[in-house]
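Okay, here's what each chain looks like letter by letter:
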Amino acid sequence: MTPVVGDWDGDGIATPGVVEFDAANNVLIWKLRNSNSPGAPDFVFAYGGGGATPVVGDWNGDGITTIGVVEVDPATNFLVWKLRNSNNPGAPDIAPFAYGALGQVPITGDWNADGVTTIGVFDPTAAIWQLRNSNSPGAPDLGPLNYGIAGDRPVPGTFGVAAALRARDGAVVGDKAAGSLSQAALDETVAAALDRLRSAGVDSALLDRLGKAGFKVGTLSEAVLGTAFPSATGC
Ligand SMILES: [Ca+2]
Ligand SMILES: [Ca+2]
Ligand SMILES: [Ca+2]
């Protein structure tokens, strides 16, 4: 049994559901409820075969969370995504496509705040995230990035919108001449930047907001210079 959460009826309220494996018929049975209370499911239906991983999201941005499954293609070991825009049985609305590989955990989220939930994978052996902003095959739009430690379980969600700042020429490996950035040096740079903006005549209210943003040194994956969470500070 897998718990799922979503806004199944588009009223703005997220409610629970469970996905159970029906061994006799080798299918997944979805039981979705529109209230956060005990009671019978509002929808019960089969979607996906045994062994598939259930995923949920608003794949078309209409405000209604719907269903999907991710299966491993035994011929290629790729993960194949089958996403549907209605909470009922039927064929996938998005033609099945491959993203990720066996051993990676499928995850979904609205990584770019456009209202459309899209795909991602998490590699639990190295805690590497690879997120994509379209429900289609292709390279990740965000990542590969390391967050967490080996064996961690991913919990994607809207904690603040992250945007990665990347090195223009990609990773430069083995440049020992480059020192590591200290928190003190970063704080000094931020203060100097705010001073320059003040000197340039930037509005004091905006400077106050910028001054409230937090800046923290951390370890990122190769070629990623920084990650921004604009909504976390209200800036
Ligand atoms: Ca709802
Ligand atoms: Ca939808
Ligand atoms: Ca999105």
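Fair warning: this is a prediction, and the values are worked out from it, not measured in the lab. (Residues numbered from 1 in each chain as written. Chains lettered and ligands numbered in written order. Predicted model: local features only at pLDDT ≥ 70, side-chain atom pairs only at ≥ 80, totals over all residues. Heavy atoms only, no water.)

## A closer look at the sheet that holds strand β7 (residues 78–83)
Working step 1: One open sheet accounts for 4 strands, arranged β5-β6-β7-β8; its pairing is antiparallel. Strands at the two margins of the open sheet, each flanked by one partner only, are β5 (53–57) and β8 (94–101). Sheet twist, expressed as the mean angle between neighbouring strand axes with direction ignored, is 30°.
Working step 2: For β7 and β8, the ladder comprises 4 bridges, and the chain directions are antiparallel. The residue bridging valine 80 from the neighbouring strand is alanine 98, located in β8. (Pairing = 2+ DSSP bridges. Helix = DSSP H or I, 4+ residues; strand = E, 2+ residues; numbered from the N terminus. Axes fitted to C-alpha atoms, helices over the stretch in contact; angles between N-to-C directions.)

## Comments concerning the coordination of the calcium ion (ligand 2)
A four-donor tetrahedral metal ideally has 109.5 degree angles, and a six-donor octahedral metal ideally has angles of 90 or 180 degrees.
Working step 1: Coordination of the calcium ion (ligand 2) by the protein is provided by Asp58 (OD), Asn60 (OD1), Asp62 (OD) and Ile64 (O), with metal-donor distances spanning 2.3 to 2.4 Å.
Working step 2: Each donor residue of the calcium ion (ligand 2) belongs to the same chain, with the gaps between them written as D-x1-N-x1-D-x1-I.
Working step 3: Using a relative accessible area of 28% as the deciding quantity, one classes isoleucine 64 as partly exposed. (Donors = N, O, S within 2.8 Å, 3.2 Å for Na, K, Ca; no water. Buried < 20%, exposed > 50% of the residue type's maximum accessible area, 1.4 Å probe, protein only.)

## Observations concerning the side chain of threonine 65
Working step 1: Of note, threonine 65 is situated in the loop between β5 and β6 (66–72).
Working step 2: Only 2.8 Å separates the side chain of threonine 65 from the backbone nitrogen of aspartate 7, close enough to count as a polar contact.
Working step 3: Here threonine 65 is in contact with Val5, Gly6, Asp7, Trp8, Val56, Gly57, Asp58 and Asn87, once residues within four sequence places are set aside. (Polar contact = N/O pair within 3.5 Å; in protein donor to acceptor, adjacent residues only side chain to side chain. Contact = heavy atoms within 4.5 Å.)

## Here's the deal with the packing of aromatic side chains
Working step 1: In this structure the tally under the stated criterion is 2 aromatic pairs.
Working step 2: Between tryptophan 30 and phenylalanine 45, the aromatic rings sit 6.4 Å apart at their centres with planes inclined by 5°, giving stacked as the arrangement. Here phenylalanine 45 lies in strand β4 (residues 43–49) and tryptophan 30 lies in strand β3 (residues 27–32), a separation of 15 residues in the sequence. The burial state of tryptophan 30 is the same as that of phenylalanine 45; both residues are buried. (Phe/Tyr/Trp six-rings, centres within 6.5 Å; stacked < 30°, edge-to-face > 60°.)

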